[in-house]
Amino acid sequence: MLKATLTLKLKEWRGQRWLRSQAARQQLLTNGLVLMLHRIVEDEDEAALPHRNELCVAASTFDRFLGWLASEFDCVALTDLLEQPAGGKQPRVALTFDDGWEDNARLALPLLQKHQLTASVFVTTDFPGNSTTFWWESIGERLFNLNCPTQDPVLLQALADAGMPVPEGVRRAGLCPQQRSFHLQHYLASLKTLSDDTLISLAALAASGQPQAMDWPAIRQLEQSGHFRFGAHGASHALLDRLSPQELSRELDHSLAALAREVRQPLPIYCYPNGNYNAEVQAALRQRHIPWALSTRPGLVTGTADPLGIPRICLSQRAAARPGLLGWRIRMGAKAGRNP
Ligand SMILES: [Zn+2]
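Residues numbered from 1 in each chain as written. Predicted model: local features only at pLDDT ≥ 70, side-chain atom pairs only at ≥ 80, totals over all residues.

## Overview of the overall build of the protein
Okay, so step 1: Check the secondary structure of the protein and you find 17 helices and 10 strands.
Okay, so step 2: Radius of gyration (C-alpha) of the protein: 20 Å, near the 20 Å computed for a compact globule of 340 residues.
Okay, so step 3: Dimensions of the protein, computed from the C-alpha atoms along their principal axes, are close to 60 × 50 × 40 Å.
Okay, so step 4: Taking all 340 residues of the protein together, the buried fraction comes to 41%. (Helix = DSSP H or I, 4+ residues; strand = E, 2+ residues; numbered from the N terminus. Rg over C-alpha atoms; globule rule 2.2 N^0.38 Å. Buried ≥ 20, exposed ≤ 12 C-beta atoms within 10 Å, placed from the backbone.)

## What about the domain arrangement of the protein?
One frequent convention defines the size of an interface as the accessible area lost when the parts assemble.
Okay, so step 1: Per the domain assignment, the segments of the protein are domain 1 (2-130 + 212-338) and domain 2 (135-206).
Okay, so step 2: Its C-alpha centre places domain 1 at a distance of 27 Å from the equivalent point of domain 2.
Okay, so step 3: On the side of domain 2, 11 residues touch domain 1, which itself brings 6 residues to the contact.
Okay, so step 4: Here the residues of the side of domain 1 that touches domain 2 sort into 4 nonpolar, 2 polar and no charged. (Domains from an automatic or database assignment. Contact = placed C-beta atoms within 7 Å. Nonpolar A, V, L, I, M, F, W, Y, C, P; charged D, E, K, R; others polar.)

## Side note on the pairing of strand β5 (residues 92-99)
Okay, so step 1: In terms of burial, β5 is largely enclosed, as 8 of its 8 residues are buried.
Okay, so step 2: Bridge count between strand β1 (residues 33-37) and β5: 5 bridges; the pairing is parallel. Each residue of the ladder has a partner; that of Leu33, found in β5, is Val93.
Okay, so step 3: Here β5 runs beside strand β6 (residues 119-123); their pairing, made up of 5 bridges, is parallel. The residue of β6 that forms the bridge with Thr96 is Ser120.
Okay, so step 4: Tracing the backbone out of β5, into helix α7 (residues 102-115) and back to the parallel element β6 gives a crossover that is right-handed. (Pairing = 2+ DSSP bridges. Right-handed = clockwise from strand over helix to strand, strands pointing away.)

## Quick notes on the environment of Leu28
Okay, so step 1: You can see Leu28 is positioned in helix α2 (residues 22-30).
Okay, so step 2: In this structure the C-alpha to C-alpha distance between Leu28 and Ala334, which are 306 residues apart in sequence, comes to 9.5 Å.
Okay, so step 3: Once you skip the residues sitting within four places of it in the chain, Leu28 turns out to touch Leu33 and Pro91.

## Examining the packing of helix α9 (residues 153-161) against helix α12 (residues 196-206)
The relative placement of two packed helices is expressed as an angle between their axes plus a distance between the axes.
Okay, so step 1: Direction vectors running N to C along α9 and α12 enclose 165 degrees, while the axes themselves pass 10 Å from each other. In terms of axis orientation, α9 runs roughly antiparallel to α12. Like other packed secondary-structure pairs, α9 and α12 cross with a definite hand, here left-handed. Together, Val154, Leu155, Ala158 and Leu159 of α9 and Leu202, Leu205 and Ala206 of α12 make up the contact between the two elements. (Axes fitted to C-alpha atoms, helices over the stretch in contact; angles between N-to-C directions. Parallel < 35°, antiparallel > 145°, perpendicular 65-115°, else oblique. Left-handed = near helix turned anticlockwise from the far one by under 90°.)

## Section: unusual backbone geometry
Okay, so step 1: The phi angle at Gln116 is positive, at roughly 55 degrees, despite the residue not being glycine.
Okay, so step 2: By the secondary structure assignment, Gln116 is in the loop between α7 and β6.
Okay, so step 3: A positive phi is found at His289, a non-glycine position, where the angle reads about 60 degrees.
Okay, so step 4: Within the secondary structure layout, His289 lies in the loop between α15 (279-287) and β9 (292-294).

As structure tokens, then:
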């Protein structure tokens with residue numbers, strides 16, 4: 001644990017130093033930055049737990065972060081950034097949220113209004129208006145929140161039957177929340193090898209019954225506020241590169257039709273669930289006249305970036321709380337983009 005803390009401190013220090021350097025300024029002035037977020041939650045300590053850190057930012061942290069971002073960057077609409085990644089007096093940044101979580105309306109909107117900023121949300125279009133849930137969240141929170149996870153024999157047995165028994169570190173009641181969360185993060189990552197159908201049925205077993213996604217009226221209200229625009233992030237959140245041509249067509253057509261039906265001005269930008277895509281997925285988007293698509297690959301948006309594989313930088317709770325860590329992520333992403 002001490003070694004991990006020291007590594008984080010070192011990354012933060014290096015990231016801070018890089019952000020202040022002439023090289024960083026030059027790189028950020030000549031390339032655009034797209035930030036990727038998912039959820040905004042109430043509590044900073046809860047958001048910073050390892051299994052939530054990459055997907056959650058606390059509202060109070062996001063508030064301070066937006067103040068910092070607006071002082072360092074020109075925060076622009078995503079379409080403006082993609083059309084012109086650079087060229088202003090300040091580096092350009094655009095904010096994106098994946099999935100369409102209900103907390104985006106409840107907690108992110110007031111903060112975007114306060115700082116007079118805009119963002120783009122990419123909605124998994126089968127989710128609004130019902131209690132379909134994201135498996136990572138449902139299984140993760142169910143296992144984490146039980147005082148004694150062995151009290152949920154049905155879910156534990158189903159996970160074991162799927163070949164993924166819940167490991168001792170997640171189940172041990174004596175461990176501190178930080179340690180259990182650390183074990184849970186690794187366990188949840190290992191579940192990504194299961195099929196979409198298996199994950200959907202496990203998520204249904206673990207779901208709390210509360211909707212996780214915004215409904216369409218809330219989405220339309222957000223669009224009307226002028227602070228959000230919306231694009232598609234799959235229909236069922238299936239990983240697009242694993243689908244048959246027929247299934248891929250269904251995912252793309254259903255999600256694009258839902259957006260066209262439900263919002264006034266859908267974005268001409270697709271967002272790959274889990275960042276998964278291949279040449280067939282890109283060709284299918286081209287056929288549907290979608291000019292841009294967002295990946296989860298870290299990097300800056302260069303003038304020569306593949307428009308159907310736009311890189312982003314993930315804004316975790318820790319990176320939002322300590323911009324030096326974000327600087328580190330941008331620096332490493334920019335390096336990876338230069339040497340693919
Ligand atoms: Zn997603």
